Amino acid sequence: MKESAFSPTEEFALEQDNRDALGPFREEYYLPQGIVYLDGNSLGMLSKRAERTLMDSLNDWKRMGIDGWTQGERPWFYQAERLGACLATLVGADPDEVIASGSTTVNLHQLASTFYQPEGKRTKILADELTFPSDIYALQSQIRLRGLDPHEHLVLAASRDGRFLEEDDIIACMTEEIALIVLPTVLYRSGQLLDIPRLTEEAHKRGIMIGFDGCHSVGAIPHRFSEWDVDFAYWCNYKYLNGGPGSVGALYVNRKHFGRLPGLAGWFGSDKEKQFDMELSFSPAQTAGAYQIGTPHILSMAPLFGALSMFEEAGIDQIRQKSLQQTAYLMDLLDEELADHGFVIGNPREDARRGGHVSLEHPEAARICKALKDSGVIPDFRAPNVIRLAPVALYTSYHDVWRAVQILKRIMEEQTYERYENKRGVVA
Ligand SMILES: *Cc1c(COP(=O)(O)O)cnc(C)c1O
């Protein structure tokens, strides 16, 4: 699809939709009538296919009880591995390097408990000060569990401007005291995409293991984790992947680490042939499956089969291309329509450094978000001053993006946001 020159008109938006090869996927989703949903980077929307595969699992339970484990429509005993294989194409890994399991934070605990091996002078973990707080809490507790002090042993690479990280600054923190590095692929607030291959190469040159939190990139951006030689990664499946609220997450472990004993072992990490031998000595799977702990959350996994089938059909490269075009279009519209209202675009402008969302900063962001919601546009707010707007390639139209900006413009011109308190809700 060739890009045509930008124009702020409604006709231009409709024209883009007409030319959009991914446009038909929108019909596959349940989208609230008359609402522009731009929060798919927090909770992706339900598709008819995801609903169907969830219902299949419920029906298996209803019809066959325990036999659903081996004889269901998609036998539950192998679901985590099968989903891992589907997810592997999205992160550039071999099918057995990915497993659907746990949740983001739990998977980080699992991976840090495995790959954080403080030894001699190398006792510290390197993360960054803009990372998602849950990741920091997990790393702090992992350090504490080794009898060390997180104040001393967790190093946070600093941001120069509170928005972005410079890869050079992170690399400067890769000292011989660092045992493990954990970084996001895309920063959750500013949407900056880090240079994963470069950071991985620099870490390895210094003999340091490195893993990535892919919550804000998996499903929006292609990855080449195996080619880049990333040691491990973990992410949730309820944001860009539309697996549903609290959906089971996933993790990637580079096959060069297969055979390591997972830090947190449990019977579902067993070699599947041996699991039901019920031996007291653990025989871990020789795949990423070893990092599972207990019985998989089947009903929280089932929607992913339907949800992921659309990624397979659409192709992640096409999804990325449309996502970049939509965020660029959104920024063009914001520049054109809202230049005089005190907004700052707080995400990288360059394609190569931009994730899937636009990060719009404004001192009144909290109440502008409330006004947007009441006017039928769903963004999200991240304290202290960020409105995140995520057009999602599989279900957001160009006309949605256009309409969201028109509504925002009206809110700013009529100052309707002033009717709201500038304070976030319990769930922002
Ligand atoms: C959404 C998100 C999480 C959430 O973790 P859960 O364990 O799924 O609640 C963690 N890290 C990042 C970067 C996120 O964006």
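Since the model is a prediction, treat every value here as computed from it, not as a measurement.

Considered as a void within the structure, the largest pocket measures approximately 240 Å³ in volume. Contributing to the lining of the largest pocket are 19 residues, with S101, G102, S103, T295 and H297 lying nearest its centre.

In this section: the site of the ligand. Close contacts around the ligand come from S103, T104, T105, F132, D135, D213, C215, H216, Y238 and K239, and that covers them all. In this structure, T104 approaches the ligand through a side-chain N or O atom, which is 3.1 Å from an oxygen atom. One of the side-chain nitrogen or oxygen atoms of K239 is found 2.4 Å away from an oxygen atom of the ligand. For the ligand, the accessible surface in isolation is 390 Å², of which the surrounding protein chains cover 84%. Taken together, the residues that form the shell around the ligand break down as three nonpolar, four polar and three charged.

Turning next to the packing of helix α12 (residues 316–337) against helix α14 (residues 398–413). When two helices pack together, their arrangement is given by the angle between their axes and by how far apart the axes lie. Remark: α12 packs on α14, axes separated minimally by 10 Å, with the N-to-C direction vectors making an angle of 25°. The pairing of α12 with α14 is recorded here as roughly parallel in orientation. Regarding α12 and α14, the two cross each other, and that crossing is right-handed. On α14, the residues touching K322, Q325, Q326, Y329, L330, L333, L334 and E337 of α12 are Y398, V401, W402, V405, Q406, L408 and K409. Tallied by class, the residues present in the contact of α12 with α14 amount to nine nonpolar, three polar and three charged.

Here we come to the UniProt feature "binding site: pyridoxal 5'-phosphate" (unreviewed entry) in the protein. Under the UniProt annotation, the feature "binding site: pyridoxal 5'-phosphate" (unreviewed entry) is placed at T104, T105, F132, P133, S134, D135, D213, H216, Y238, W267 and T295. In summary, the annotated positions, distributed over 192 residues, remain apart in three dimensions as well, the widest C-alpha pair reaching 30.3 Å. Among the annotated residues just listed, those that line the largest pocket are T295. Residue classification places T104 among the buried residues on the basis of a relative accessible area of 10%. Apart from residues no more than four positions distant in its own chain, T104 is found in contact with D213, C215, Y234, W235 and C236. Counting through the fold element by element, H216 comes out in the loop between β6 (209–213) and α10 (225–228).

Moving on, we get to empty space enclosed by the protein. Tallied over the entire structure, the rule returns two cavities of 30 Å³ or more. Taken together, G219, A220, Y240, F311, I319, S323, P391, V392, A393 and L394 form the lining of the largest cavity. Across the lining of the largest cavity, the residue classes tally to eight nonpolar, two polar and no charged. Size it by volume and the second largest cavity reaches roughly 40 Å³. Here the lining of the second largest cavity is built from residues that sort into seven nonpolar, no polar and no charged.

For the rest of this paragraph, the subject is the sheet that holds strand β9 (residues 344–345). The sheet built from four strands is open, its strands ordered β9-β10-β13-β12 with antiparallel pairing. Looking along the sheet, the strands with just one partner apiece sit at the ends: β9 and β12 (380–382). Two elements, β12 and strand β13 (residues 386–389), share three bridges in a ladder whose sense is antiparallel. Across the sheet, the residue bridging to D380 is R388, located in β13. Those strands touched by helix α13 (residues 365–374) are β12 and β13, and its axis lies near 40° from that of β13.

Turning next to α14. The end-to-end C-alpha distance of α14 is 23 Å, a good match for the 22 Å that 16 residues give at a rise of 1.5 Å each. Those residues of α14 not exposed but buried are Y398, H399, D400, V401, W402, A404, V405, I407, L408, I411 and M412. Elements that come into contact with the buried residues of α14 comprise α1 (10–18), β1 (36–37), α12, β10 (358–361), α13 and β11 (377–378). Within two residues after α14, Q415 carries a phi angle of roughly 50°, on the positive side.

This next bit is on the packing of aromatic side chains. This model, assessed by the stated rule, comprises 17 aromatic pairs. Look at W69 and W76: their rings are 5.5 Å apart centre to centre, the planes differ by 90°, and that puts the pair in the edge-to-face class. A residue is classified by how much of its surface remains accessible, and W76, at 7% relative accessible area, is buried. Here the aromatic residues W69, W76, F77, Y78, W267, F268 and F276 are joined through ring pairs into a cluster of three or more. Taking the ring centre of F132 as reference, the NZ or CZ of K239 above it sits at 5.5 Å. Across the ring face of F164, the terminal group of R353 is positioned such that the distance to the ring centre comes to 5.8 Å.

Analysis parameters
- Residues numbered from 1 in each chain as written.
- Predicted model: local features only at pLDDT ≥ 70, side-chain atom pairs only at ≥ 80, totals over all residues.
- Heavy atoms only, no water.
- 1 Å grid on protein atoms, 1.4 Å probe; cavity = no way out; pocket = protein on both sides within 12 Å on 5 of 7 lines; lining within 4 Å.
- Points joined across faces, edges and corners; volume = space filled by probe spheres on them.
- Near = heavy atom within 4 Å.
- Polar contact = N/O pair within 3.5 Å; in protein donor to acceptor, adjacent residues only side chain to side chain.
- Areas by Shrake-Rupley, 256 points an atom, 1.4 Å probe, with all protein chains shown as cover.
- Nonpolar A, V, L, I, M, F, W, Y, C, P; charged D, E, K, R; others polar.
- Axes fitted to C-alpha atoms, helices over the stretch in contact; angles between N-to-C directions.
- Helix = DSSP H or I, 4+ residues; strand = E, 2+ residues; numbered from the N terminus.
- Parallel < 35°, antiparallel > 145°, perpendicular 65-115°, else oblique.
- Left-handed = near helix turned anticlockwise from the far one by under 90°.
- Contact = heavy atoms within 4.5 Å.
- UniProt positions renumbered as here; feature names shortened; annotations may be inferred.
- Buried < 20%, exposed > 50% of the residue type's maximum accessible area, 1.4 Å probe, protein only.
- Pairing = 2+ DSSP bridges.
- Expected span 1.5 Å × (residues − 1).
- Phe/Tyr/Trp six-rings, centres within 6.5 Å; stacked < 30°, edge-to-face > 60°.
- Lys NZ or Arg CZ within 6 Å of the ring centre and 35° of its normal.

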